[in-house]
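Residue-level structural notes
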Amino acid sequence: MPPSRLDGLYRSLLLTKFFCKGWGKPENLERLFAFRKIISNRAACSQLVPRDYPVEITKEEIHSDCKILEGKFISPLEIYMPGLVPDVAQNAHFQILLPLKWNDERYKPICIHLAGTGDHYFWKRRNLIAKPLLKEANLGAIILENPFYGLRKPKEQRASSLQNVSDIFVMGGCLVLETLVLLNWCERNGYGPLGITGLSMGGHMASLAATNWPKPLVLVPCLSWSTASSVFTEGVMSNSINWDVLETQYFADGNFRERLSKMVTVVDDAFVAGKHFIQNFNQSVEELRLDINETKDLVCGEPASDVNLTVIRETTPEREQKQSTNLIHINRTNALNLSEQLLNKLLSNVRCELTQEEIDELNTKIHLALKRHNEELQAEGSGASTGNKLILEVKAEEKGPKTSSKSVGSKIMEYISWGSSSSNATPDGTEEKRIPIDTTKQRWWEREALQFMRGMMDECTHLKNFSVPYDTSLIIAICAKDDAYIPRDGCMSLEDIWPGAEIRYLDAGHVSAYVLHQKLFRSCIVEAFERAKKKWVPEGDQLRGQINGVGTGPRPVENDPEVPAK
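Attention in this report is confined to the structure presented alongside it. (Residues numbered from 1 in each chain as written. Predicted model: local features only at pLDDT ≥ 70, side-chain atom pairs only at ≥ 80, totals over all residues. Heavy atoms only, no water.)

Before going further, it helps to examine helix α2 (residues 26–39). In this model α2 runs 20 Å from its N-terminal to its C-terminal C-alpha over 14 residues, within 8% of the 20 Å that 1.5 Å per residue would give. For α2, every residue scored as buried is listed here: Pro26, Asn28, Leu29, Leu32, Phe33, Phe35, Arg36 and Ile39. (Helix = DSSP H or I, 4+ residues; strand = E, 2+ residues; numbered from the N terminus. Expected span 1.5 Å × (residues − 1). Buried < 20%, exposed > 50% of the residue type's maximum accessible area, 1.4 Å probe, protein only.)

Spelled out as structure tokens, the structure:
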């Protein structure tokens, strides 16, 4: 379904820009990427926060409908990564809502609520979700203040607009470890079963934190998905990013290209699809089943002037009668100045297995050829007539069933250039696909910065890079079908990453789901806790020890394959 127009309109009304100071210091990013590999492993991360980590309760109030505690503790990330957390954010502040009387003294469920974008302080989560849950299901709550928000917001930061890209990774690292502190505190005080939830960014942070708890944990992420990369590169949030600053800094400082880009992993991307296409070249050609009757070049113009790899379909009448697979040849043209080894691989008749270095070389050379072609057009005075655009046109004829086919060259070009294509119908009934490369963000060097952003986000936020939660049957994720903030196309699904998790889809956009479906979010949280009670809370006096792992539980933490035996 099309993305929600309301989402785009709402975002356009917010004038604040994100990441106005750039990526952050390269050395800080390098430290964060290295630390990600530790906190993404449950066995390693769960050892970073001791069970008796000090937590200070600073305030206690009794209200007519609940008891409210407030407290704080030093964020563990400041201990392990000193200098990354701003001074004002180093103390983690939280608020606890408890019922005046538990319905069952042996069953004291508590859910941690993490904040979405713009959710400062405690009042919104307390009144919209925590108090209703307390009233409806006798469910306690812990509301944790995000780093860079509310009491933890740096003075120079404007509203919720993080100043550096690195800030969002600091925020995530803090929340993962701080959640472990609070879960341990709940166990020490006899509460359980335990869970975690959040909306939008809070939902994704909740998912990341849940991967590192080595025991059963309820998880209800709302309006989030498997990675944050699509949020910042494709969704409506991408229009609120100061790309000019990021692109300038990326190319001005060689550290980003030479060191940091090699440390990130792009999990979901058309570029990855392109790698797969090239690495399985012959098989991919077979699958394309070309219906193009003429030679198509990767770049428009005369073949002799600016051709990298020309793909030709050779067909004889006999072959057409037999409707057999088309034979594909690649001209031995090396206008890209590819290395001899790479060229031989691409021209070979056997399955093409490229190394990462060769894939990078092909990608770089294609971009340079496109840049050179644009410069030549401008020098010849053709730039004005084309709008400074290089257009790759591919026409697919409709024969029999409606299928859209592309030349192998165009397919490689679309993937390797990370180009976005749009379809238009031509007068003769054919479908024309164009991949524009213009003087805005579509230029190759700007898209390289965009791709770096995608790689960073996938590296630090993609759930595939983290452990699978201990019990995925306790996960209920709620997603909006028309979410323009969090595009899902091209991203690995939660079902694939977390087998056994349940995903529910709302017929709504991001904003409308947040406004209209709070009651549904609450009902899913209650349902997930009922599952935990039924599965992990046996009848009898051993309840507390079993659910919290303090006594003899049904599945002690030592049985977790990711936790080494003592």
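Remark: α2 packs on helix α6 (residues 165–188), axes separated minimally by 11 Å, with the N-to-C direction vectors making an angle of 30°. Taken together, the axes of α2 and α6 are roughly parallel relative to one another. With respect to the hand of their crossing, α2 and α6 are arranged in left-handed fashion. Here Leu29, Leu32, Phe33, Phe35 and Ile39 of α2 lie close against α6, whose contacting residues are Ser166, Phe169, Val170, Gly173 and Leu177. A class-by-class count of the residues in the contact of α2 with α6 yields 8 nonpolar, 2 polar and no charged. (Axes fitted to C-alpha atoms, helices over the stretch in contact; angles between N-to-C directions. Parallel < 35°, antiparallel > 145°, perpendicular 65-115°, else oblique. Left-handed = near helix turned anticlockwise from the far one by under 90°. Contact = heavy atoms within 4.5 Å. Nonpolar A, V, L, I, M, F, W, Y, C, P; charged D, E, K, R; others polar.)

Right, let's talk about helix α5 (residues 123–137) for a bit. Given 3.6 residues per helical turn, the α-helix brings residues three or four places apart onto the same face. End to end, α5 covers 20 Å across 15 residues, agreeing with the expected 21 Å (1.5 Å per residue, within 8%). At Ala130, α5 shows its strongest bend, of approximately 35°, with the proline Pro132 following within four residues. Regarding α5, the residues found buried are Arg125, Arg126, Ile129, Ala130, Pro132, Leu133 and Leu134. The inward-facing, buried residues of α5 contact β2 (67–74), β3 (91–98), β4 (110–114), β5 (140–144) and α21 (518–536). (Bend = angle between axes of the 7 residues up to and from the residue.)

Before going further, it helps to spend a moment on the pattern of salt bridges. Applying the stated criterion across every chain yields a total of 20 salt bridges. Across the salt bridge formed by Asp104 and Arg106, the nearest N and O atoms sit 3.5 Å from each other. Look at the salt bridges and you will find they share partners, linking Glu502, Arg504, Glu527 and Arg531 into a network. (Salt bridge = Lys/Arg side-chain N within 4 Å of Asp/Glu carboxyl O.)

Moving on to unusual backbone geometry. In this model, Gly192 is joined to Pro193 through a cis peptide bond whose omega is 0°. Residue position: Pro193 is located in the loop between α6 and β6 (194–199). With a phi close to 60°, Phe19 is a non-glycine residue in the positive phi region. Summarising the element assignment, Phe19 is placed in the loop between α1 (5–13) and α2. Taking relative accessible area as the criterion, Phe19 reaches 0% and is therefore assigned buried.

This part is about the nonpolar core. Counting 94 residues, the largest nonpolar core has Trp23, Phe169, Phe232 and Met453 as the members making the most contacts within it. The leading source of residues in this core is α6, at 15 residues. Setting aside chain neighbours within four positions, we find Met453 in contact with Phe19, Trp23, Val165, Phe232, Thr233, Ile241, Trp243 and Leu246. Judged by nonpolar contacts, the second largest core, of 25 residues, contains Tyr107, Val220, Ile478 and Ile525. (Core = buried A, V, L, I, M, F, W, Y, C linked by side-chain atoms within 4.5 Å.)

The subject of this paragraph is the pairing of β5. β5 sits mainly inside the fold: 5 of its 5 residues count as buried. Pairing of β3 with β5, which is carried by 4 bridges, proceeds in the antiparallel orientation. Its bridge partner lying in β5, Gln95 is registered against Ile143. Here 4 bridges tie β4 to β5, and the two strands are oriented parallel to one another. Bridge assignment links Ile112 to a residue of β5, and that residue is Ile142. Handedness of the crossover is the feature at issue here: the chain leaves β4, passes through α5, returns alongside β5, and the resulting connection is right-handed. (Pairing = 2+ DSSP bridges. Right-handed = clockwise from strand over helix to strand, strands pointing away.)

Evaluation of the coordinates by the stated rule reveals 16 aromatic pairs. Ring plane angle 85° and centroid distance 6.2 Å describe the contact between Tyr53 and Phe73, whose orientation is recorded as edge-to-face. Highlighted residues: Tyr53 in the loop between α3 (42–45) and β1 (56–62) and Phe73 in strand β2, separated in sequence by 20 residues. In this pair, the class of Tyr53 matches that of Phe73, namely buried. Aromatic side chains Trp102 and Tyr191 sit 6.1 Å apart centroid to centroid with 50° between the ring planes, which places their arrangement in the tilted category. One end of the pair, Trp102, is in the loop between β3 and β4; the other, Tyr191, is in the loop between α6 and β6, and 89 residues separate them in sequence. Judged by its relative accessible area of 9%, Trp102 is buried. One aromatic cluster is present, formed by Trp23, Tyr250, Phe251, Phe256 and Phe452 through successive ring pairs. Lying over the aromatic face of Trp225, Arg488 brings its terminal NZ or CZ to 5.6 Å of the ring centre. Positioned over the ring face of Tyr107 is Lys533, at 4.4 Å from the centre of the ring. (Phe/Tyr/Trp six-rings, centres within 6.5 Å; stacked < 30°, edge-to-face > 60°. Lys NZ or Arg CZ within 6 Å of the ring centre and 35° of its normal.)

Here we come to a nonpolar patch on the surface. On the surface, Leu128, Tyr514, Val515 and Leu516 cluster together into a nonpolar patch covering about 380 Å² of accessible area. With 3 residues, the top contributor of residues to the nonpolar patch is helix α20 (residues 510–516). Relative to the assigned elements, Val515 resides in helix α20. (Patch = residues over 30% accessible without salt bridge, like charges linked within 9 Å, V, L, I, M, F, W, Y side chains within 5 Å. Areas by Shrake-Rupley, 256 points an atom, 1.4 Å probe, with all protein chains shown as cover.)

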